[in-house]
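Structural overview
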Amino acid sequence: MEKKILALQLTHILGEDFPRDWVEGLLEVPKQPQLGDLAFPCFQLAKSFQTSPAIIAKDLAAKLKHDIIAHVEPAGGYVNIFLNQRFITQHTLKEILSEQQSFGNQTFGNGQTVLLDMSAPNIAKPFSMGHLRSTVIGNALANLAEKCGYQTVKINYLGDYGTQFGKLLAAYKLWGDEEKVRENTIEELTKLYVTFHEQAQQDESLVDEGREWFKKLENQDEEAIALWQWFKDESLEAFDTIYELLGITFDSMRGEAYYTDKMEATVHLLNERNLLQTSEGAQVVKLEEENLPPCLIKKSNGTTIYATRDLTAAIDRYNTYQFDEALYVVGNEQSLHFQQIKLVLDKLGFEWAKDVKHIGFGMMLQSGKKMSTRQGKTILLEDVLHEAINTAETSIHEKNPTLQNKREVARQVGVGAVIFHDLKHDRRNDVEFSLQDMLTFEGDTAPYLQYAYARAFSLLRKGEFDRSQADIDWHDSQAWPVIKQLRAFPEVIAQAYTRYDPSKLARYLLDVAQAFNTYYAHTRILDKEQATARLTLVYSFTIVMKEGLSVLGIQAPSEM
Ligand code: ARG
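The text that follows walks through the structure, step by step, so that each part is easy to find. Note that the coordinates shown come from a computational prediction; the quantities given were computed from them, not determined experimentally.

A short note on a negative patch on the surface
Side chains of Asp203, Glu204, Glu209 and Glu212 sit close together on the surface and give a patch of like negative charge. Summarising the element assignment, glutamate 212 is placed in helix 10 (residues 205–218).

This is how it looks when you write it as structure tokens:
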């Protein structure tokens, strides 16, 4: 905000040749706070004005004036700007108090529609860490989009189709035990799937059997469909427990299977546009010019594949939602797939292909290695969540034994810890999984933020803070770093969305808490004279912290 105002003032002085955006880009925050709140470097202007940066700085410093500025000092080639703390404090608090949880809202989304393809676990398989990443990153991006004025559609594109289900059906028919599957669906089905692969290495006829069952599924064979539906229902029930713990919902649950009977139309369209070529018996779209391997549309045995379904789904989604942006929150390892999808859509002449974006993310590692789904080595997400909740509960028992709703608070803290651990990292990087790191109350964790929030909340209770008597007309240099942080919230929201990077917001919340804790450590909040003013700041902090966490998908208990 300040940057925008100052850039405008500076361009007025400098003249039309120096556009506001360019000036704004040059404004920086000095490393040492005693050098001012913002600084404008004049080195790049020396050539145009044919004089030294120091002289330009002196001249600018003399001319720069605005309500938000307290004073200006030239220092070498820099113009150091000290903001009017009282003026800005007043404005900031006023804005937060009047806007409450809408503080930070943006309008640039303009009601446009953003689709999020997120979560997308595969039925009959455990919900993996990768799917967790997709779920929480997707959810945070959706919340950010909403806060920026977009409408969102969260789609859970379930992996409920493909040749692997032929194998699973074959395995179930051979070795399945209905009772066991009913009791422990995902575990049993995963076992059957693994057994199938082991046995198929010795007995090739099994592969044919798998193919047979997939054909049956494609041809809507009654038994095949019934079993598949059963596996799907049971899997969904297991996934729902996880979504409920996470507090995440979807607008659409259309999975891959929904597109089975719609893919022929896509193949037809590709043919019509002369895009299909035969290569070793398979139907492909060549992408040689783009230096990419061909996009496989139909295998030599005539079955469609993942790409065919994604193309079909994209077209169907555009027709349904006329999206302005479609974000696919899927691991980095599928980046080639999405490059291909985008190119094929473009070749089909869909102008909206440019709005299809792959939002990739890194893997969850364990001791530096990929967590594997095979051989029972997986860490089950449900176990992780429960362990996090239990650990949180134990620590709450120690810290606050009289707390009323311990279990619910523990859920908010445990789940928050898991979500935050994911979101604080730049999504593109791999993340090392560590339950211990997630749950400490010190360091970069959700419990640290939640604790700062709860502590602030208890101050409000103790001080019997009354919103209607808030005091915004004061200034205190101890509080200034907190004000500056709170003030940055709207800009952080905008950046986190436009860069599709929730870690921007996560990191920011750590900075806010840090600034607040420092203030709290050095200031007697419940001071006789100044309690109302100080509690007004504490209250504003709780509003921003609660809303920031909520955008990340994390709840903030008022006591813990
Ligand atoms: N179910 C897939 C998997 O687990 C992810 C699907 C991602 N979304 C998509 N539209 N392809 O790998």
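Okay, back to it.
What about the nonpolar core?
One broad rule of soluble globular proteins: the nonpolar side chains tend to lie buried together. In this structure, Phe40 and Leu505 are the most contacted members of the largest nonpolar core, which totals 157 residues. A per-element tally of this core places helix 21 (residues 531–552) first, with 12 residues. Leave out the neighbours within four places in its chain, and phenylalanine 40 touches Leu10, Leu14, Val23, Leu26, Leu27, Leu45, Leu60, Gly77, Tyr78 and Val79. The next biggest cluster of nonpolar side chains, apart from the first, holds 31 residues, and it includes Ile155, Ile297, Ile305 and Leu348.

Regarding the sheet that holds strand 5 (residues 151–155)
Across the sheet, which stays open at both edges, the four strands sit in the order 5-4-9-10 with parallel pairing between neighbours. Because the sheet does not close on itself, it has two edges, and the strands there are strand 5 and strand 10 (356–359). Taken pair by pair, the neighbouring strands of this sheet meet at an average axis angle of 20°, ignoring direction. The pairing of strand 4 (residues 113–117) with strand 9 (residues 325–329) spans four bridges and is classified as parallel. Residue leucine 115 lies in a different strand from strand 9, and its bridge partner there is alanine 326.

Thoughts on the pattern of salt bridges
When the charged atoms of two side chains with opposite charge come close together, those side chains can pair. Under the definition given, this model contains 25 salt bridges. In this structure, the salt-bridge partner of aspartate 37 is lysine 484, at a minimum N-O distance of 3.0 Å. Of this pair, aspartate 37 sits in the loop between helix 2 (20–26) and strand 1 (38–41) while lysine 484 sits in helix 19 (residues 480–498), and the two are 447 residues apart along the sequence. The partly exposed category is assigned to lysine 484, whose relative accessible area is 31%. Of the charged contacts, one joins glutamate 264 and lysine 298 as a salt bridge, the two residues approaching to 3.1 Å between their closest N and O atoms. Placement of glutamate 264 in helix 12 (residues 263–272) and of lysine 298 in strand 8 (residues 295–298) is noted, with a sequence separation of 34 residues between them. Residue glutamate 264 is classed as partly exposed on the basis of its relative accessible area, which comes to 45%. On the basis of relative accessibility, which here comes to 17%, the residue lysine 298 falls in the buried class. In this structure, a network of salt bridges that share partners links the residues Glu351, Lys354 and Asp355.

A closer look at unusual backbone geometry
In the Ramachandran plot, alanine 120 falls in the positive-phi region, its phi being about 45° despite a non-glycine side chain. Phi angles above zero are rare outside glycine, and glutamate 280 is one such case at about 50°.

Calculation criteria
- Residues numbered from 1 in each chain as written.
- Predicted model: local features only at pLDDT ≥ 70, side-chain atom pairs only at ≥ 80, totals over all residues.
- Heavy atoms only, no water.
- Patch = residues over 30% accessible without salt bridge, like charges linked within 9 Å, V, L, I, M, F, W, Y side chains within 5 Å.
- Areas by Shrake-Rupley, 256 points an atom, 1.4 Å probe, with all protein chains shown as cover.
- Salt bridge = Lys/Arg side-chain N within 4 Å of Asp/Glu carboxyl O.
- Lys, Arg positive; Asp, Glu negative; His and termini not counted.
- Charge placed at Lys NZ, Arg CZ, Asp CG, Glu CD.
- Helix = DSSP H or I, 4+ residues; strand = E, 2+ residues; numbered from the N terminus.
- Core = buried A, V, L, I, M, F, W, Y, C linked by side-chain atoms within 4.5 Å.
- Buried < 20%, exposed > 50% of the residue type's maximum accessible area, 1.4 Å probe, protein only.
- Contact = heavy atoms within 4.5 Å.
- Pairing = 2+ DSSP bridges.
- Axes fitted to C-alpha atoms, helices over the stretch in contact; angles between N-to-C directions.

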